[in-house]
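Structure assessment
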Amino acid sequence: MKIIPAKNSTASQTVAENSSVSVIDALEDYNRLKKKLLVLTLASGLIIGLVVWCVYGQKIALSYFIGALFGAIYLRMLAKGVDRLGKQSKRLGYARFGVFVILIAIAAKSEQLQVLPAFFGFMTYKIAVIAILAQDLTSKSDSR
């Protein structure tokens, strides 16, 4: 059995107002999460790149930096794809994988870049994802 509230009832207006407020809050949280992921990706890429520079030298550090930059671009494209989900499309596209292919092709053809450090730099965005996941899991276990 389905109960449909009257159009002018205050209960339905309250539910509609509360749901719109929670949707707005959720969108704000999502936008903060996207920004936090991008900032963490760029910061961790910079920090790790500087350590790589000190330990392995300029050539490998340059490869890592470029890979980290391409990883941030990939993450941004992924976020835009997720933003379009449900509004304009029903699934994520594969165009963002071209970023990875272009990175590897550039690193393979260039004499200044190396493929493996560029690949590890690209994967730097995963560090940000794992850090935020760990932070969320820690905060949820503390609140219990």
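Residues numbered from 1 in each chain as written. Predicted model: local features only at pLDDT ≥ 70, side-chain atom pairs only at ≥ 80, totals over all residues. Heavy atoms only, no water.

Describing the overall build of the protein chain
Short version of the rule: Going along the chain from the N terminus, every DSSP run of H or I of four or more residues is numbered as a helix, and every run of E of two or more is numbered as a strand. Residue burial is assigned from relative accessible area. The probe radius is 1.4 Å, only protein chains are included, and a residue is buried under 20% of its type maximum, exposed over 50%, and partly exposed in between. Two residues form a contact once any of their heavy atoms are found within 4.5 Å. With residues, only the protein chains shown are counted as cover, and all accessible areas are computed by Shrake-Rupley using a 1.4 Å probe.
The helix and strand inventory of the protein chain stands at 5 helices and 0 strands. Counting helices and strands in the order they occur from the N terminus, the protein chain gives α-α-α-α-α. Here the protein chain holds 144 residues, and 23% of them are scored as buried. In the protein chain, 62% of the contacts between residues at least 6 apart in sequence involve partners at least 24 apart. Entry remark: accessible area of the protein chain is about 10500 Å², with carbon and sulfur atoms responsible for 67%.

Some points on the pattern of salt bridges
What counts here: Whenever a carboxyl oxygen of Asp or Glu lies within 4 Å of a side-chain nitrogen of Lys or Arg, that contact is scored as a salt bridge.
Under the counting rule described, the total for this entry stands at 2 salt bridges. Close ionic contact of lysine 34 with aspartate 83 constitutes a salt bridge, the shortest N to O distance being 2.8 Å. Here lysine 34 is found in helix H1 (residues 10-56), whereas its partner aspartate 83 is found in helix H2 (residues 58-84), with 49 residues between them in sequence. Looking at lysine 34, the relative accessible area reads 17%, which means it is buried.

Section: the packing of H2 against helix H3 (residues 97-109)
Formally: In this analysis, axes come from line fits to C-alpha atoms, helices being fitted only over the stretch in contact, and the angle between any two N-to-C directions falls in the range 0 to 180 degrees. An angle below 35 degrees is treated as roughly parallel, one above 145 as roughly antiparallel, one from 65 to 115 as roughly perpendicular, and anything else as oblique. By definition, turning the near helix anticlockwise from the far helix through less than a right angle yields a left-handed crossing, and turning it clockwise yields a right-handed one. The classification used treats Ala, Val, Leu, Ile, Met, Phe, Trp, Tyr, Cys and Pro as nonpolar, Asp, Glu, Lys and Arg as charged, and all other residues, Gly among them, as polar.
At a minimum axis distance of 9 Å, the contact between H2 and H3 shows a crossing angle of 165 degrees. By the angle between their directions, the pair H2 and H3 is classed as roughly antiparallel. For the crossing formed where H2 meets H3, the hand is right-handed. Mapping the contact onto sequence places Ile66, Gly67, Phe70, Ile73, Tyr74 and Met77 in H2 and Phe97, Val99, Ile102, Leu103 and Ile106 in H3. Split into classes, the residues belonging to the contact of H2 with H3 amount to 10 nonpolar, 1 polar and no charged.

Looking at the confidence of the model for the protein chain
Definition in use: As a per-residue measure, pLDDT tells how confident the predictor is, with possible values from 0 to 100.
Per-residue pLDDT for the protein chain averages 85, and the proportion of residues at 70 or more is 85%. Here H1 stands out as the least confident element of the protein chain, with mean pLDDT 83; helix H4 (residues 115-122) is the most confident, with 96. Counted against residues more than four places away or in other chains, residues 9-16, with its pLDDT under 50, gives 4 contacts.

Let's talk about the side chain of serine 44
If you trace the backbone, serine 44 turns up in helix H1. Serine 44 has contacts with Gly49, Thr124 and Ile127, leaving out every residue within four places of it along the chain.

Considerations on a nonpolar patch on the surface
Put simply, the rule is: Patch membership needs two things, relative accessible area over 30% and no salt bridge, and members are linked within 9 Å if like-charged or within 5 Å if nonpolar (Val, Leu, Ile, Met, Phe, Trp, Tyr).
The grouping of Leu42, Leu69, Ile73 and Met77 at the surface amounts to a nonpolar patch, some 330 Å² of accessible area in total. Ranked by the residues each element gives to the nonpolar patch, the list is headed by H2, at 3 residues. Within the secondary structure, leucine 69 sits in helix H2.

Considering the nonpolar core
Condition: To define a nonpolar core, start from buried Ala, Val, Leu, Ile, Met, Phe, Trp, Tyr and Cys residues and group those joined through side-chain atoms within 4.5 Å.
If you look at the biggest cluster of nonpolar residues, it comprises 13 residues, and the most contacted ones within it are Leu37, Phe70, Tyr74, Val99, Leu103, Phe122 and Tyr125. Every element with two or more residues in this core is listed here: H2, H3, H4 and helix H5 (124-142). Apart from residues no more than four positions distant in its own chain, phenylalanine 70 is found in contact with Val99, Ile102, Leu103, Ile106 and Phe122.

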